[in-house]
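What follows is the residue order along each chain.
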Amino acid sequence: MPVRPPSVDPSTSIDRHTPVMQQYLRCKAQYPEAIVFFRLGDFYEMFFEDAERASRMLSLTLTSRGKDRQGDNIPMAGVPHHAAASYITKLLHLGQQVALCEQMADPSSVKGVVPREVVRVITPGLVLEESSLDARAHNYFVAISKSAQGFGLAVLEMSTAELYVGELRSGAEVLGELGRLQPQEILLQADSLADEVAEALRTMLPTCVLQRAQGDSGDAHAQNMIAEWLNRESSTMTQDDLGEAGQRAMRLALRYVADHHISTLHAKFRLQRYDVSAHLGLDMAAVRNLELTATLGGERVGSLLALLDKTCSSMGARLLRRDVLAPMTDAALIRRRHDAIEALMIDGTLRKGVRDAMVRLPDLERLLTRIESGMANPRDLASLREGLRTTRKIDGLLQGEDHAPARDVLPAIALERDELWVLERLERMLVEDPPLAVGSGDIIAQGAHGRVDELRSLSSSSKDVLLALEQAERTGTGIHSLRVKYTRAFGYYIEISRAKLTHVPAHYRRKQTLVGSERFTTEELDALQAEILTADEQLHAIEEELFARLRMEIALRAMGIRKLAAALAALDVSACWAELSLQNDYVRPTMDDTNELELKGSRHPVIEALGAAGSFVPNDIDLGAKSQGMAMITGPNMAGKSTIMRQVALSVIMAQSGGYVAATSARIGIVDRIFTRIGASDNVSRGESTFMVEMRETAALLRGATSKSLVLLDEIGRGTSTYDGLAIAWAVADHLAEHTRCRVLFATHYHELCKLAEHRPSRVKNYNVIVREHQGKMVFLHQLAEGAASQSYGIAVAELAGIPASVLAQAKHRLSELERPSALPRRSSKSSGEPEVNGLKRAHDSELEELRDALLKRDLDRTSPMEALIWLQEIRNRIERG
């Protein structure tokens, strides 16, 4: 059995190990949940249970590091230091934490055990390494707290140093936001909240790492930091903006960062308010059903984002993704974004110039974070220099006289004093092509620092220096046979033959006597030797110091560059939309704060792009105050009902993301939330059927929808009996039409629901997807028309699916029987005499009398359509039973 490292204080159990292993166990005890990467020379080693876990996860060879003092093997596995990043990335994707335990001194200068410390703990939500991040997506860490007033949310993007804090009203709202954010790691307040949402989160976000907060969320250090942030001159927020629960969540996040990230980077976070009302609400069901970032099969190709993302920079790609998942609700802000797209569509020369330049733009946001955290390497600074050069070029394009109209509506791109200082400093101090790490090659440019130039010259041309010294000594002494030589044992020396010893100057010091010659040295040669032998070491130390100073100087001026990065990302997104809109014939929507939603020639952007040119059939949609608001859509499967519903929602999302839409014209009143119930799904792991999932999602939309919402419902009530399903569907539709009064697209096979338009003529309008029969076959026209469908075409769809002819024939026969009006039941009789007929007549009259009395007694003014429908069904059942 392998020895297990202690989970608490190891002081009572480490004495049976060597000093190095004792050192490891102490580090492991500090971070028992993490896999400790323990630096030993050129490798990171893992021991005990860590080694066993890592060997399984990373396919490493499990070896041993000898035995402890009781004779037990010590399991060990390791990875090369230079290749550790790829292994760490894999562990993070598997939900693990990695604690980096580094050597804190040069082993060659230390007697005994090299001091080691954990310098950083990397978790899935606290990542800065470029190799471990998706360049085109955010990497969110979320802390959640709960108070009497609601839920607190702190959303941290470590790689871009962004922190959003706010409050939400309900657990359902929290789950909805988490589904949209799709964080990599969630920290839950260690109380009932953790039990309340943990199970739902595991189902909703199976790859997300869940943590429970340890200790008091009222951490004083974190509270002081919050106060410091709010007191900054640039801050426009107050404690009331954050709320009590928001501040608690923020303290949880800051404490976690301090415990795990080790560095002081959190002082650099840009604090912003997390305002749910500022963006269109999209829960996990909407993101999934509308295939915004991935198809229902989990593929990126075929999603809306895959179609839209033609950005040229990683910063632009992340901004576009954020826009799609959190569209804006400010009509004026949206219109300004549309102005920028229009300007770039008109000015093709500027659009092309901007996009060509953006291709060379590095990820300034994440570069700056690594610089501020002290993790940036020389190539990172070279990338920053290239980014500032590219920015200067883009600014030059915008300043052209021909581009003045566009410049007025585009983000300002200009290098101010601090940014110009940084660019000038980098160009003067940094070589053009620096190495990845300090000490692996030249970093400081020639002419930037006199001592560096001198040491570099000495290091690279020491032979020339020695030859020059040798020539000078020959001239000064007149000994033409004098030689300057070197041996490992004696270093540099001047060698003179015995025949010339009488010419040796007095300042020469004898170093060694040989048979035929003497070896001497001078103060100048000793000094030169010291310089030559230590030049590389001195050069490395000075370059490291100058590089660290340069990195710090840039970090102090990062704010202005961050603003530039945000402006560049916005410009990239606008240019992307302009290019996409020209290629795909998208149109600028009219945006306002009404409840209108009118689309002419609307198309599904993804299906259109994936299909043959001109094959998609456009449709007109009109919902809102001037129309009925609810479209009741009937028609067979495969006719395109779901496609029409999705394309309406995608048009809203594209418009409120600040983009154009796939239509010939569009007017869209701001939507606050989109609710979807499209397609069938279940949750076997939680014991929930398709119908239960459907009812849960329907319940959530009924509770959350407002008059500004857009609701898409497809085949509500299919998972239960026909009459139960019809009753539920009617009640849901009626509630949305009359009480919520929002914009609704309601697709159904229940033709009885078309009667709702007669009960609510001012709110509900019937539509159908046109189907034609040609030579006995069904032809889908994929065109929306007013009025209800004349039939369901279910058997025709079954025929298309390949159901055998004999089964289809029986189905048609049974359908004709079911559609025949029910006759009054007749009792069997031996004769057809009048008494029997009179008896049937009397029974019939009696039943009619009962129905008449029941109808007169019922208060129709207080009978809802749903109650009336159920009552009529009861009457029909009685008649059929006879």
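Cut-offs and rules
Residues numbered from 1 in each chain as written. Predicted model: local features only at pLDDT ≥ 70, side-chain atom pairs only at ≥ 80, totals over all residues. Heavy atoms only, no water. Helix = DSSP H or I, 4+ residues; strand = E, 2+ residues; numbered from the N terminus. Buried < 20%, exposed > 50% of the residue type's maximum accessible area, 1.4 Å probe, protein only. Contact = heavy atoms within 4.5 Å. Areas by Shrake-Rupley, 256 points an atom, 1.4 Å probe, with all protein chains shown as cover. Axes fitted to C-alpha atoms, helices over the stretch in contact; angles between N-to-C directions. Parallel < 35°, antiparallel > 145°, perpendicular 65-115°, else oblique. Nonpolar A, V, L, I, M, F, W, Y, C, P; charged D, E, K, R; others polar. Arc of directions from axis to C-beta. Pairing = 2+ DSSP bridges. Disulfide = S-S within 2.5 Å. Salt bridge = Lys/Arg side-chain N within 4 Å of Asp/Glu carboxyl O.

(A) Quick peek at the overall build of the protein. The number of helices and strands found in the protein is 30 helices and 27 strands. The buried share among the 882 residues of the protein stands at 50%. For the protein, restricting intrachain contacts to residue pairs at least 6 apart in sequence, the fraction spanning at least 24 positions comes to 68%. Total accessible area on the protein is roughly 41900 Å²; 51% of this is exposed by carbon and sulfur atoms.

(B) Here's a closer look at the packing of helix H12 (residues 331-346) against helix H13 (residues 348-358). One way to put it is that H12 packs onto H13 with a least axis distance of 5 Å and a crossing angle of 105 degrees. Accordingly, the angle class assigned to the pair H12 and H13 is roughly perpendicular. On H13, the residues that touch Leu344, Met345 and Ile346 of H12 are Gly348, Leu350 and Arg351. Tallied by class, the residues present in the contact of H12 with H13 amount to four nonpolar, one polar and one charged.

(C) How the structure looks around helix H3 (residues 84-93). Those residues of H3 that fall on the buried side of the exposure criterion are Ala84, Ile88, Thr89, Leu91 and Leu92. Down the axis of H3, the buried set is contained in an arc of 165 degrees. They therefore lie on one face. Following H3 by one or two positions, glycine 95 adopts a phi angle in the positive range, close to 85 degrees.

(D) How the structure looks around the sheet that holds strand S22 (residues 665-669). Pairing within the open sheet is mixed, and its four strands lie in the order S18-S22-S19-S20. The sheet is open, and its two borders are formed by strand S18 (590-592) and strand S20 (619-623), each paired with just one other strand. The mean inter-strand angle of the sheet, taken between neighbouring strand axes irrespective of direction, is 10 degrees. With four bridges connecting them, strand S19 (residues 597-602) and S20 associate as antiparallel partners. Directly across from serine 602, in S20, lies its bridge partner asparagine 619. Relative to S19, helix H23 (residues 641-656) is tilted by about 110 degrees, and along the sheet it contacts S18, S19, S20 and S22.

(E) Structural detail: the state of the cysteines. Applying the stated criterion to the full structure yields zero disulfides. This cysteine, cysteine 101, is not joined by any disulfide, and cysteine 27 carries the nearest cysteine sulfur, 3.4 Å off.

(F) Just the pattern of salt bridges, in detail. Scanning the model with the defined rule gives 48 salt bridges in all. The salt bridge partner of aspartate 734 is arginine 760, with a shortest N-O separation of 2.7 Å. Remark: arginine 760 occurs in the loop between helix H26 (756-759) and strand S26 (764-774) and aspartate 734 occurs in helix H25 (residues 722-740); sequence separation between them is 26 residues. The same class applies to aspartate 734 and to arginine 760, which are both buried. Residues joined by salt bridges that share partners form a network here, namely Glu386, Arg389, Arg392, Glu427 and Glu432.

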